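For reference, the chains in residue letters:
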Amino acid sequence: MQEAAEIKLQEATFRGLLEAAPDGILLVDRSGVIAFANAACASILGYTTAELIGQLIEIVVPAYIRPNHAALRDNYFAAPHTRPMGIGLDLVAARRDGTSVPVEISLSPFTFEGHDGAVAIVRDVTDQRRLSRELKRSNEELEQFAYVASHDLQEPLRMVSGYTQLLKRRYVDKLDTDANEYIEFAVDGVKRMQSLISDLLAFSRLSTHGKNFSTVDLQDVFEHACANLQASIAETRAQVVIEALPKASGDRTQLIQLAQNLIGNALKFHKPGVAPVIKVTAADEDKLWRLDVADNGIGIEPQYRDKIFVIFQRLHTRDKYAGTGIGLAVCKKIVERHHGRIWIDSELEVGTTFHFTLLKEGVRS
């Protein structure tokens, strides 16, 4: 009696956990019949639990998939395995009233009451899809604003630049030292503003103007970046060592920009009187490649390591190191578009290593 009571308590606890789950849960046997549905699942699909149990799973499958779904089900049970469905896709489930609901589903093999079947975790992603669409629209509007603003600002800047340089050429011998210095300040300020506007526009368009991903030879990417930086490499007497690098999935143009920014950063922040030594290596991390760009430069103090990827964040004065403070923010945005992450290890006066990850060729995020 006590054993039976314990089993009954365990079953009640298990069922209570299933009913309390915020996501929908469906148990389906090998023939596609729904054996269990929790309240959350019934609510998502617009049925009662009693109306779902005993029905074929095709009742909640969209009409355009339904004719082929039994074959898909048979294929799954031929080699059952856990798999996510609809992650990043526009997957929908059919509701009782004929409408559809956007969902993400995780499917796993499950044995119950001595029968093989599957458990499906169903998540309503209506709000996430809506927010994603709103974010996309907002980003497009922001990009359009950045484009219009930069275009409209460039023209008056060109006029200011033109007239200040004309003043410098025509009156350099007629003005005193202070006046010539003021003109230099104005010309320099205009140049920096033009550079800032150009960089800001490029940053705003990284996500929406990238190319489709393809297989990219990272060895070629870093060699191309070094060719672009040849003058700076020669000027600083830098040694750039690129070990054998693999192929990855990505946007070649943006990855060259990423490599060029990281190597250029190492060239810029080298120790005075010490030739930069930059080493690029790769490590295998399951579905990812981790790329490391290490240098022997000035390093970064610990309190600033979280700030270096923030747009416009500068750790040094402009008279010491040139730049707009956008380069590393661009790197972060490129890596994130490639479903990776970027971080650093650094020791002051010893050097810095930038790490970032990329998907291997053929791997989907």
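Please read all numbers here as calculations on a predicted model, not as lab measurements.

Each value, and the rule that gives it
Residues numbered from 1 in each chain as written. Predicted model: local features only at pLDDT ≥ 70, side-chain atom pairs only at ≥ 80, totals over all residues. Heavy atoms only, no water. Helix = DSSP H or I, 4+ residues; strand = E, 2+ residues; numbered from the N terminus. Buried < 20%, exposed > 50% of the residue type's maximum accessible area, 1.4 Å probe, protein only. Contact = heavy atoms within 4.5 Å. Areas by Shrake-Rupley, 256 points an atom, 1.4 Å probe, with all protein chains shown as cover. Phe/Tyr/Trp six-rings, centres within 6.5 Å; stacked < 30°, edge-to-face > 60°. Lys NZ or Arg CZ within 6 Å of the ring centre and 35° of its normal. Pairing = 2+ DSSP bridges. Core = buried A, V, L, I, M, F, W, Y, C linked by side-chain atoms within 4.5 Å. Patch = residues over 30% accessible without salt bridge, like charges linked within 9 Å, V, L, I, M, F, W, Y side chains within 5 Å. Salt bridge = Lys/Arg side-chain N within 4 Å of Asp/Glu carboxyl O. Polar contact = N/O pair within 3.5 Å; in protein donor to acceptor, adjacent residues only side chain to side chain.

Caption draft 1: Spatial organisation of the overall build of the protein chain. Counting secondary structure elements, the protein chain contains 10 helices and 13 strands. The proportion of buried residues among the 365 residues of the protein chain is 37%. Taking as baseline every contact in the protein chain between residues at least 6 positions apart, the subset at least 24 positions apart corresponds to 60%. For the protein chain, the exposed area adds up to about 21,600 Å²; of that, 54% sits on carbon and sulfur atoms.

Caption draft 2: Molecular detail of the packing of aromatic side chains. According to the stated counting rule, one finds 2 aromatic pairs in the structure shown. Judged by centre distance (5.4 Å) and plane angle (75 degrees), the rings of Y76 and F77 are edge-to-face. A relative accessible area of 6% means that Y76 is categorised as buried. Ring centres of F309 and F354 lie 6.2 Å apart, and the angle between their planes is 85 degrees; this geometry places the pair in the edge-to-face category. One end of the pair, F309, is in the loop between strand 11 (288-294) and helix 10 (327-337); the other, F354, is in strand 13 (residues 351-359), and 45 residues separate them in sequence. Take F309 and F354: they sit in the same class, and that class is buried. Lying across the ring of W343, R341 places its NZ or CZ 3.8 Å from the centre. Note that K360 overlies the ring of W289, its terminal NZ or CZ placed 4.7 Å from the centroid.

Caption draft 3: Representation of the pairing of strand 10 (residues 277-285) in the model. Note: strand 8 (residues 239-242) against strand 10, 4 bridges, orientation parallel. Bridge pairing in strand 10 places I242 opposite V280. Connecting strand 10 to the antiparallel partner strand 11 that follows it, the hairpin turn spans 2 residues, and D286 within it adopts a positive phi of roughly 60 degrees.

Caption draft 4: Representation of the nonpolar core. The biggest cluster of nonpolar side chains holds 41 residues, and the ones touching the most others in it are F222, L258, L262, L291 and F356. Secondary structure elements with two or more residues in this core: helix 7 (218-228), helix 9 (252-268), strand 10, strand 11, helix 10, strand 12 (342-347) and strand 13. Ranked by residue count, the leading element in this core is helix 9, at 8 residues. With residues near it in sequence (within four places) discarded, L258 still touches C331, I334, V335 and F356. With 23 residues, the next largest nonpolar core counts C41, F77, V101 and A120 among its residues.

Caption draft 5: Fine view of a nonpolar patch on the surface. Residues L167, Y171 and L175 make up a contiguous nonpolar surface patch of about 240 Å² in total accessible area. Tracing the chain through its elements places L167 in helix 5 (residues 126-171). Looking at L167, the relative accessible area reads 40%, which means it is partly exposed.

Caption draft 6: Fine view of the side chain of S346. Position of S346 among the secondary structure elements: in strand 12. Take S346: its relative accessible area is 12%, and that puts it in the buried class. Of note is the side chain of S346, whose polar atom sits 2.7 Å from the backbone nitrogen of I300. A distance of 2.7 Å separates a polar atom in the side chain of S346 from a polar atom in the side chain of T352.

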